Protein chains: 2
Amino acid sequence: MFEFMTVRELYEMVMSGSHVELDTMEYVQLQGWIRTNRSSGKLGFIELNDGTYFRNVQLVYVHELKNFGEVEKYPTGAAVTVTGRFKLTPEGKQPFEIAVTEMVLEGDCDRDYPLQKKRHSFEYLREIAHLRPRANTFYAIFRLRSVLSMAIHEFFQDQGFVYVHTPIITGNDGEGAGEMFKATIRDDANYEEDFFGKEAFLTVTGQLHVEAFAMAFRDVYTFGPAFRAENSNTSRHASEFWMIEPEIAFADLDDNMNLIEDMVKYCITYVLENAPEEMKFFNSMIDKGCIERITKVRDSEFKRMTYTEAVELLEKADVKFENKVFWGMDLNSEHERYICEQVVNGPVFLIDYPKEIKAFYMRVNDDNKTVAACDLLVPGVGELVGGSQREERYDVLDQRMSELNMGKENLQWYMDLRRYGGCKHAGFGLGFDRLLMYMTGMQNIRDVEPFPRTPRNLEF
Amino acid sequence: MFEFMTVRELYEMVMSGSHVELDTMEYVQLQGWIRTNRSSGKLGFIELNDGTYFRNVQLVYVHELKNFGEVEKYPTGAAVTVTGRFKLTPEGKQPFEIAVTEMVLEGDCDRDYPLQKKRHSFEYLREIAHLRPRANTFYAIFRLRSVLSMAIHEFFQDQGFVYVHTPIITGNDGEGAGEMFKATIRDDANYEEDFFGKEAFLTVTGQLHVEAFAMAFRDVYTFGPAFRAENSNTSRHASEFWMIEPEIAFADLDDNMNLIEDMVKYCITYVLENAPEEMKFFNSMIDKGCIERITKVRDSEFKRMTYTEAVELLEKADVKFENKVFWGMDLNSEHERYICEQVVNGPVFLIDYPKEIKAFYMRVNDDNKTVAACDLLVPGVGELVGGSQREERYDVLDQRMSELNMGKENLQWYMDLRRYGGCKHAGFGLGFDRLLMYMTGMQNIRDVEPFPRTPRNLEF
């Protein structure tokens, strides 16, 4: 009897040392894709990957195989079904191999296959986004993306948070940023005759909507796509990205920071436990020491410092910054990294920012100059998470919106949440793609998204 | 010492009978929203809900309470913090109550609160989408939505499927259906000068993109939003909805149907176990017997029948259908329900549909007339899931696309998956909102989505 197995199952069996199972399962069948194939004419070796595990399995085939001459010519990329004898090889590079007894070609691969065994640049691989998940780096990143998604869901669901699908198409033009895509069925901008009878946009945040759900379920979170029609070609911006936006009721800024800290630490532990092969790969090939880097963050206490203290420290610092520091400014990356890497030497929340540089919904502090915001800075990256306590006082919110000349018509429902049992609450936003970059040391957001969307780039 | 507790924690403690904990925790603190408040002037009762559990907790307050006069007037909808003595009430309607010792108003509620204690129509509640999650039916449906989302993720992740975020903005105009939203930053339809330098749409399916990932990871799935700019106002269509699209490599139509059957059964078991209070509510208030209905489906073997057999049975049926039956037609709901409810009396897959009525990517059968498609029909609803084996033969796919006059330029990458180790594979699409409707008996898709989008409806 032959048994269909996956490469993951084989490795897990060998690593757990369950030899009893191995003995009863001498012959196995596998299906997968050829990564490399080399033959001496008498003896051949195939590295097979079946998509279930980061590592390949070695297939050995000999001249006696009935279709040896064909198998020798199976190219990189081809899909095959293979039957063979399982053999432990404790002295080999791999812990086991398969001695092939039968091999069937399931899908051939044209000889112009762009993923030959050599090192390709990430730029080149972006041009073949439909094939690059088969290349090691992208294979690792996209599995990690899946594992990290599950970490997020488990973290929140285990604590009773309710997952909310906030809408993608929205009538609110965000925070007035103006850099939004429109969703339309017309060619003439006649929005009154458009699908929704008014101008419609792709969301930049689900926060306002999810606040309504926090007032029903207490603890809620979103996890979905968001959009920015920003015409900037940096390595950290994509036009489409995934965001996580938790919102907690009966909670203040401290509760919010505790939640952020727990979440970041949970995610780090989760990926180290659930994607060890992938993390080893990033640690050795992409960002030497990234495992140590994130482990250190997981084991740190996250410090807290006011914006005002940070500005004082920066002003006193014996460093020449490109941008001069003054109270009221939006700190630049150089400042954030100085605080985080030179002063604190670990993760730190900056809190209580000047209200002028923060969003309208953040709660105004008693000094009437700052708001109860928190940005989490981490070494090597700078800002990773941004959050705040929300303004729950109707009149204060109303006045802030007036100061900022915001149209209130589309947001009356949001303001009304304050009139109907609105309580103290807080929340934050986490860019999922950036968290993935942070974990792995990947430098370009285009290389952590399956099919990235950026200005003038929509090939797939 | 007072301990902050949630209503869920209290109920779970009482139901599990862990009285030891109860004894050491005589006093508790809760935070939540008042559902009802009635007072005799000497004695008052508040039904409090804190968002963590479907059921309320009863608070009892007496004239001796220092702010009795104020508490008496706390309105429905107000947010409060309450401290009190926990008391088991085995003879009462509720298993326990809280004798209030202190109560603080956290957020008042205006007297024009639209959610007073009376029955509101679903139509009315749609107009206050920001408040309706506080009404029982919507409270139940949106928690179930979260629980069912987690069921989907756990089902696939436990089997090693990789979750893929397929893109929302796409250059492919779907299956040529033409009913897509455009994503643009322009007012003049000059797409060459638009953000992406070409016409861009909101996706109707992630399938084509996720197929590329199945050829790397073998088993993959999507779970994200999709869009239809269809100008139809039915109870089953929304312009924005969430879809699940698994794709499995080295798999045929049978494997696909096994996966669908497993998934549907898993989801049913999961919601019955993880949202029992909510399911009890639907069973008694929305769809009498829905628990029995879905339990029966879970315990059924899903039958399989060809389209051709179904047409023969329909032609022979002693029933007058509104639409005449003939081979080659797209079956109507009346036909699907007849097969499912009268003939099979249980879930049934119809397979091997005429190729003319199915999508271009479905695998052509040897008869050259039908394709390897499968639609799952369930009693009471009709079609719940649609799937197929995919055409993995380049030349056959190419010819199908030519027959249908499809532009190939934007899909060359998709076709190329067949040239580069493309193997037998299959997949399906499940409308998440419809699954939720099916589970609960909710009749309108507008009532299972947090902020539904339909023609001329974008109020929030």
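Cut-offs applied
Each chain has its residues counted from 1, following the order in which its sequence is written. Each chain is given a letter, starting from A, and each ligand a number, starting from 1, according to the order in which they appear as written. Since the coordinates come from a predicted model, pLDDT governs what is reported: local features require at least 70, and pairs of side-chain atoms require 80 or more to be given and counted, while whole-chain, interface and lining totals use all residues. Side-chain metrics rest on all non-hydrogen atoms present in the structure, leaving aside hydrogens and water. The term salt bridge refers to a pairing of a side-chain nitrogen on Lys or Arg with a carboxyl oxygen on Asp or Glu at a separation within 4 Å. Counting from the N terminus, the helices are the DSSP runs of H or I reaching at least four residues and the strands are the DSSP runs of E reaching at least two. Only protein chains enter the accessibility calculation, which uses a 1.4 Å probe; a residue whose area is less than 20% of its type maximum is buried, one above 50% is exposed, and one in between is partly exposed. Two strands form a pair only when DSSP identifies at least two bridges running between them. For the domains described, the bounds stem from an automatic or database domain assignment. Two parts placed together each lose some accessible area under a 1.4 Å probe, and adding up what both lose gives the buried area. Distance and chemistry together define a polar contact, namely a pair of N or O atoms within 3.5 Å, with one atom able to donate a hydrogen and the other to accept it when in protein, and with adjacent residues in sequence counting only for side-chain atoms on both sides. Here, residues are in contact when the closest pair of their heavy atoms is within 4.5 Å. In this description, a line fitted to the C-alpha atoms serves as the axis of each element, helices being fitted only across the stretch in contact, and the angle between N-to-C directions of two axes falls anywhere from 0 to 180 degrees. As used here, the arc belongs to the directions running from the helix axis to the C-beta atoms.

**Here we look at the pattern of salt bridges**
Residue and element names in this part refer to chain B.
Item 1. Inspection of the entire model under this criterion finds 54 salt bridges over all chains.
Item 2. Across the salt bridge formed by Lys 408 and Asp 398, the nearest N and O atoms sit 2.8 Å from each other. Of the two residues, Lys 408 is situated in the loop between helix H12 (394–403) and helix H13 (412–416) and Asp 398 in helix H12; the sequence distance between them amounts to 10 residues.
Item 3. What makes Lys 408 partly exposed here is its relative accessible area of 22%.

**Some words on the pairing of strand S14 (residues 348–354) of chain B**
All names here are of chain B.
Item 1. Along S14, 6 of the 7 residues are buried, which leaves the element largely enclosed by surrounding structure.
Item 2. Where strand S13 (residues 303–306) and S14 come together, 4 bridges link them in parallel fashion. Paired with Met 305 across the strands is Leu 350, a residue of S14.

**With respect to the domain arrangement of chain A**
All names here are of chain A.
Item 1. Structurally, chain A comprises domain 1 (3–107) and domain 2 (128–168 + 214–447).
Item 2. The contact between domain 1 and domain 2 buries some 770 Å² in all, and 47% of this surface belongs to carbon and sulfur atoms.
Item 3. Counting the contacts that link domain 1 with domain 2 gives 0 salt bridges.
Item 4. Inspection of the domain 1/domain 2 interface yields 8 residue pairs in polar contact (both at pLDDT 80 or more).

**Section: the sheet that holds strand S16 (residues 382–389) of chain B**
Residues and elements named next belong to chain B.
Item 1. Judged by pairing direction, the sheet is mixed, and its 8 strands sit side by side in the order S7-S11-S12-S17-S16-S15-S14-S13 without closing on themselves. Here the strands that pair on one side only, and so sit at the sheet edges, are strand S7 (162–163) and S13.
Item 2. Inspection of the sheet shows S7 paired to strand S11 (residues 219–227) by 2 bridges, in the parallel sense. Opposite Val 162, over in S11, you have Val 220 as the bridge partner.
Item 3. Contacting S7, S11, strand S12 (240–249) and strand S17 (425–431), helix H6 (residues 207–217) runs over the sheet at an angle of about 30° to S12.
Item 4. Each of S11, S12, strand S15 (370–378), S16 and S17 touches helix H14 (residues 432–440); the most contacted strand, S17, lies at about 60° to it.

**Focus: the sheet that holds strand S15 (residues 370–378) of chain A**
Backbone hydrogen bonds are what pair the strands of a sheet, in a parallel or an antiparallel way.
Residues and elements named next belong to chain A.
Item 1. Spatially, the 8 strands line up as an open sheet ordered S7-S11-S12-S17-S16-S15-S14-S13, and their pairing is mixed. Two strands lie at the open edges of the sheet, namely strand S7 (162–163) and strand S13 (303–306), each paired on one side alone.
Item 2. One ladder, built from 5 bridges, connects strand S12 (residues 240–249) with strand S17 (residues 425–431); its direction is antiparallel. Among the inter-strand pairings, Glu 247 is bridged to a residue of S17, identified as Gly 427.
Item 3. Packed onto the sheet, helix H5 (residues 136–158) meets S7, strand S11 (219–227), S12 and S17 and runs at close to 150° relative to S11.
Item 4. Against the sheet, helix H10 (residues 307–316) makes contact with S13 and strand S14 (348–354), and its axis sits at roughly 80° relative to S13, the strand it touches most.

**Thoughts on the interface of chain B and chain A**
Item 1. Between chain B and chain A, the residue contacts involve 106 residues of the former and 106 residues of the latter.
Item 2. Overall, the association of chain B and chain A removes approximately 8700 Å² of surface from exposure, summing both partners, and the carbon and sulfur fraction of that is 62%.
Item 3. Considering only the surface of chain B that becomes buried against chain A, B:His165, B:Phe195 and B:Tyr420 emerge as the three largest contributors, covering 9% of it.
Item 4. Put simply, chain B and chain A have 6 salt bridges between them.
Item 5. Between A:Arg419 and B:Asp112 there is a salt bridge, with its nearest N and O atoms 3.4 Å apart.
Item 6. Across the contact surface, chain B and chain A share 41 residue pairs in polar contact (both at pLDDT 80 or more).
Item 7. Considering every element that reaches the side of chain B that touches chain A, the biggest residue donor is helix H5 (residues 136–158) of chain B, with 11 residues.

**Quick word on helix H1 (residues 7–16) of chain B**
All names here are of chain B.
Item 1. Along H1, the residues that are buried comprise Val 7, Leu 10, Tyr 11, Met 13 and Val 14. Down the axis of H1, the buried side of the element spans an arc of 160°, and every buried residue falls inside it. In this structure, H1 carries Met 15 and Ser 16 as exposed residues pointing more than 90 degrees from its buried face.

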